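# Structure assessment
Listed here are the chains, written in short residue letters.
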2 protein chains.
Amino acid sequence: MLDISLLGTGGMMPLPKRWLTAMMARYNGKSLLIDCGEGTQLAIKECGLSVNPIEVICFTHYHADHISGLPGLLLSMGNADRTEPITMIGPEGLEKVVRSLRVIAPELPFEIKFIELKEKTETIHIAGYAIDAFKVSHKVTCYGYNVRIERQGKFETEKANANNVPMKCWNRLQKGETVIEDGITYTPDMVLGETRKGLKVTYCTDTRPVDIIAEMAKDADLFICEGMYGEPDKQAKAREYKHMTFEEAANLAKKAEVKEMWLTHFSPSLVRPSDYMKQVTDIFPSAVPGKDGKTITLNFED
Amino acid sequence: MLDISLLGTGGMMPLPKRWLTAMMARYNGKSLLIDCGEGTQLAIKECGLSVNPIEVICFTHYHADHISGLPGLLLSMGNADRTEPITMIGPEGLEKVVRSLRVIAPELPFEIKFIELKEKTETIHIAGYAIDAFKVSHKVTCYGYNVRIERQGKFETEKANANNVPMKCWNRLQKGETVIEDGITYTPDMVLGETRKGLKVTYCTDTRPVDIIAEMAKDADLFICEGMYGEPDKQAKAREYKHMTFEEAANLAKKAEVKEMWLTHFSPSLVRPSDYMKQVTDIFPSAVPGKDGKTITLNFED
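Residues numbered from 1 in each chain as written. Chains lettered and ligands numbered in written order. Predicted model: local features only at pLDDT ≥ 70, side-chain atom pairs only at ≥ 80, totals over all residues. Heavy atoms only, no water.

Along chain A, the regular secondary structure elements total nine helices and 16 strands. The C-alpha radius of gyration of chain A comes to 21 Å, within 12% of the 19 Å expected for a compact globule of 302 residues. Counting only C-alpha atoms and orienting by the principal axes, one finds that chain A spans roughly 70 × 50 × 35 Å. Per-residue burial over chain A gives 57% buried out of 302 residues. Summarising the internal contacts of chain A: among those between residues at least 6 apart in sequence, 65% fall at separations of at least 24. Here chain A contributes 37 positively and 42 negatively charged side chains, and the mean placements of these two sets differ by 2 Å. (Helix = DSSP H or I, 4+ residues; strand = E, 2+ residues; numbered from the N terminus. Rg over C-alpha atoms; globule rule 2.2 N^0.38 Å. Buried < 20%, exposed > 50% of the residue type's maximum accessible area, 1.4 Å probe, protein only. Contact = heavy atoms within 4.5 Å. Lys, Arg positive; Asp, Glu negative; His and termini not counted. Charge placed at Lys NZ, Arg CZ, Asp CG, Glu CD.)

A few words now on the relation of the copies chain B and chain A. Its rotation angle being 180°, the transformation that places chain B on chain A also includes 0.1 Å of axial translation and leaves an RMSD of 0.1 Å. Such a combination of rotation and displacement between the chain copies is what one expects of a two-fold axis. (Least-squares fit on C-alpha atoms with pLDDT ≥ 70 in both.)

Moving on: the sheet that holds strand E15 (residues 287–289) of chain B. Residue and element names in this part refer to chain B. Across the sheet, which stays open at both edges, the seven strands sit in the order E7-E8-E9-E12-E13-E14-E15 with mixed pairing between neighbours. Here the strands that pair on one side only, and so sit at the sheet edges, are strand E7 (121–126) and E15. Averaged over all neighbouring strand pairs, the angle between strand axes comes to 20°, with direction disregarded. Summarising the sheet, strand E12 (residues 196–204) and strand E13 (residues 222–226) pair through four bridges and their orientation is parallel. From the neighbouring strand, Tyr203 faces E13, where its bridge partner is Ile224. Contacts from helix H9 (residues 246–256) reach E13 and strand E14 (261–264) within the one sheet, and its direction differs from that of E13 by about 155°. (Pairing = 2+ DSSP bridges. Axes fitted to C-alpha atoms, helices over the stretch in contact; angles between N-to-C directions.)

Bringing the interface of chain B and chain A into the picture now. With 28 residues of chain B at the contact, the number on the chain A side is 28 residues. Approximately 2300 Å² of surface area, both sides summed, lies buried where chain B meets chain A, with 70% of it carried by carbon and sulfur atoms. Looking at the side of chain B facing chain A, the largest losses of area belong to Glu38(B), Leu42(B) and Ile104(B), adding up to 26% of the total buried there. On inspection of chain B and its partner chain A, the count reaches zero salt bridges. Viewed at the interface, chain A and chain B are joined by four residue pairs in polar contact (both at pLDDT 80 or more). Breaking the side of chain B that touches chain A down by element, the ones donating at least two residues are helix H1 (40–46), helix H2 (64–67), helix H3 (70–79) and helix H4 (94–101) of chain B. For the side of chain B that touches chain A, the element with the most residues is H1(B), which contributes five residues. For the side of chain B that touches chain A, the per-class residue count stands at 15 nonpolar, 10 polar and three charged. (Buried area = accessible area lost by both parts, 1.4 Å probe. Salt bridge = Lys/Arg side-chain N within 4 Å of Asp/Glu carboxyl O. Polar contact = N/O pair within 3.5 Å; in protein donor to acceptor, adjacent residues only side chain to side chain. Nonpolar A, V, L, I, M, F, W, Y, C, P; charged D, E, K, R; others polar.)

A separate point is the nonpolar core. Counting residues in each nonpolar core, the largest one holds 62 residues, and the members touching the most others are Met88(A) and Met88(B). In this structure, Met88(A) is in contact with Ile57(A), Phe59(A), Leu70(A), Leu74(A), Leu94(A), Val98(A), Ile112(A), Lys113(A), Phe114(A) and Ile115(A), ignoring residues within four places of it in sequence. (Core = buried A, V, L, I, M, F, W, Y, C linked by side-chain atoms within 4.5 Å.)

Residues and elements named next belong to chain A. Counted under the stated rule, the structure contains seven aromatic pairs over all chains. The lysine or arginine in question, Arg82, covers the ring of Phe110, its NZ or CZ lying 5.4 Å from the ring centre. The side chain of Lys294 reaches across the aromatic face of Trp262, ending 4.9 Å from its centre. (Phe/Tyr/Trp six-rings, centres within 6.5 Å; stacked < 30°, edge-to-face > 60°. Lys NZ or Arg CZ within 6 Å of the ring centre and 35° of its normal.)

Residues and elements named next belong to chain A. Strand order across the open sheet formed by seven strands is E6-E5-E4-E3-E2-E1-E16, with mixed pairing between neighbours. Strands with a single pairing partner mark the edges of an open sheet, and in this sheet they are strand E6 (112–117) and strand E16 (294–298). For this sheet the average axis-to-axis angle between neighbouring strands, irrespective of direction, equals 15°. Where strand E1 (residues 2–8) lies against E16, five bridges are found, and the strand directions are antiparallel. By the bridge assignment for E16, Ser5 is matched with Thr295.

Residues and elements named next belong to chain B. Of note, Leu6 is situated in strand E1 (residues 2–8). Taking relative accessible area as the criterion, Leu6 reaches 0% and is therefore assigned buried. Linking Leu6 and Ile44, residues 38 residues apart in sequence, is a C-alpha distance of 9.5 Å. Excluding anything up to four places from it in sequence, Leu6 contacts Ala22, Ile224, Trp262, Thr264, Gly290, Lys291, Asp292, Gly293 and Lys294.

Turning to the pattern of salt bridges, a few remarks are in order. Pairing between side chains becomes possible if they bear opposite charge and their charged atoms approach one another. Scanning all chains against the criterion turns up 26 salt bridges over all chains. Residue Glu248(A) pairs with Arg208(A) through a salt bridge whose shortest N-O separation is 2.9 Å. In this pair, Glu248(A) sits in helix H8 (residues 246–256) while Arg208(A) sits in the loop between strand E12 (196–204) and helix H6 (211–217), placing the two residues 40 residues apart along the sequence. A relative accessible area of 12% places Glu248(A) in the buried class. A salt bridge links Glu177(B) to Arg172(B); the shortest N-O distance between them is 3.1 Å. Taking the relative accessible area as the measure of exposure, Arg172(B) reaches 41% and is therefore partly exposed. Connected through shared salt-bridge partners, Asp132(A), Arg148(A) and Glu150(A) make up one network.

Residue and element names in this part refer to chain A. Here six bridges tie strand E5 (residues 86–91) to E6, and the two strands are oriented parallel to one another. The residue bridging Ile86 from the neighbouring strand is Ile112, located in E6. Taken together, E5, helix H3 (residues 94–101) and E6 constitute a β-α-β crossover, and its handedness is right-handed. (Right-handed = clockwise from strand over helix to strand, strands pointing away.)

What follows concerns the side chain of Asn146(A). All names here are of chain A. Within the secondary structure layout, Asn146 lies in strand E9 (residues 143–151). Residue classification places Asn146 among the buried positions, given a relative accessible area of 1%. A distance of 2.6 Å separates polar atoms of two side chains, one belonging to Asn146 and the other to Thr202. Polar contacts involving the side chain of Asn146 include one to the main-chain carbonyl oxygen of Met216, which spans 2.9 Å. Contact partners of Asn146, with chain neighbours within four places excluded, come to Ala130, Ile131, Asp132, Phe134, Lys200, Val201, Thr202 and Met216.

As a further point, take the state of the cysteines. All names here are of chain B. Scanning all chains against the criterion turns up zero disulfides over all chains. There is no disulfide at Cys142, and the cysteine sulfur nearest it, in Cys204, is 7.2 Å away. Classification of Cys142 as buried rests on a relative accessible area of 0%. (Disulfide = S-S within 2.5 Å.)

What follows deals with unusual backbone geometry. All names here are of chain A. Of note in this structure, Asp182 is not a glycine but carries a positive phi near 50°. In this fold, Asp182 is placed in the loop between strand E10 (179–181) and strand E11 (184–186). Note on Asp182: relative accessible area 71%, which makes it exposed. Positive phi values are uncommon outside glycine, yet Asp206 reaches one of about 60°. The buried category is assigned to Asp206, whose relative accessible area is 2%.

Shown next, in the form of structure tokens:
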């Protein structure tokens, strides 16, 4: 069971009743946050969530609307007596940016670990999540993310017996552990069937609609995608500022054959995103405009 | 006419429906902001005010809850096409702190001027305001501020004539200008009577109740003062974290003989400040708990 909350839907600056775009994933008691603009810690609270289960923060890029809330978030975590380390993932320069911002949050009772992205695509396994980072096309280096929950194969008694795995090892092998018994090494693949379909959420803001997005979002259960501009006459602006129109996002969703798309990262000038949804659903019917706090629970098939 | 808005009343971290403590003064079309925590730009909007008339920002100190909203505010000013310079005033280190925070707001279409405070008390005249900064007692260097509007004396025809001031110079002298006419220099004091009582607002957060506060707040029209803790049993905590209880604030207000006091900078644990007002009004009757957006218009006497 993977819970996804879209914490805010704004781009550029927070507005009354529209927090900046960010996403919280919750799985197995561990939370993952993507982006943290000014007010994201309040958006988390208003969503009824809390900050200290966050084990990982992924940053798309370092424009202020995606990271300006970080010092406040870190201090709130510290004030809630966090001692567990936190891992941050983002484009190159992450540690330098965070160090600069910490001029106003120098003392924290927990460690920060940094993973800086360098490749076009990278996959990181952490806190039960499989995270695919992929480079998109914005004014500065920017990444989109897949947040995936991988699902192992079913336990197969016949396979375990065929591989002569002692019964007392079955339980631990089923949990994914490797077990050594009487000098023999047993691995999970000796008792498990083929890997089953997991869950996949693709999150992508601040980019032109480049091919890599559709490739990475392929068959996603949920595609959270920027739609900075709804109005048809904003195409040139989208190109200039390296953002997307609703229509461009819809075409990506169609190409990627995702189950569902939520639009987000609306321009402050876009007052009612729902006014511009027809052009979107004409291209890709399973699309809705995101709402602050919109939450979905994704479950494994069968 | 000086308008004062208390933008938020929280300390430590922003909460849903409680912005961080900050104050906006408006006089003669020019605004002055004291402190800018996470969300202050939203508090300004919710108050119906705008960011671009702000000509001066004073910082009490550089704990995150007093400055973390600065990058977002500056970017919002830039997005609204500001080109006019802005002046920032704060304890030593201001330029370094702002430069660090601007890692996420490097490009702005306006200049920032810095005035770093070094003395125990300093007075700065800017944008029609007289600002007295005074060092208080917190865990880090912290200043309180008086925001004053000085009021010159009345125009006195007899005095102008006695000083042989040509009538064509009267108007400019009355406006405070120095005028040279036929090689003779005329100064405003040659036509004006004694300076009249102006307006004074004292703003003071994040400090123990030291004497300088009562001295500087003497006879203020409005005293906005921190009251981190309302509960009587929080006295030791107030001392440890170098903050004040409601009672300590009340004693300062009484000693300073201010007209009115608003308490602010409430601890997140202090849910209903109004529950603890009796102990305050017993000491100083003209005290109220601050509210987000609370605004007053102060007018000159007579």
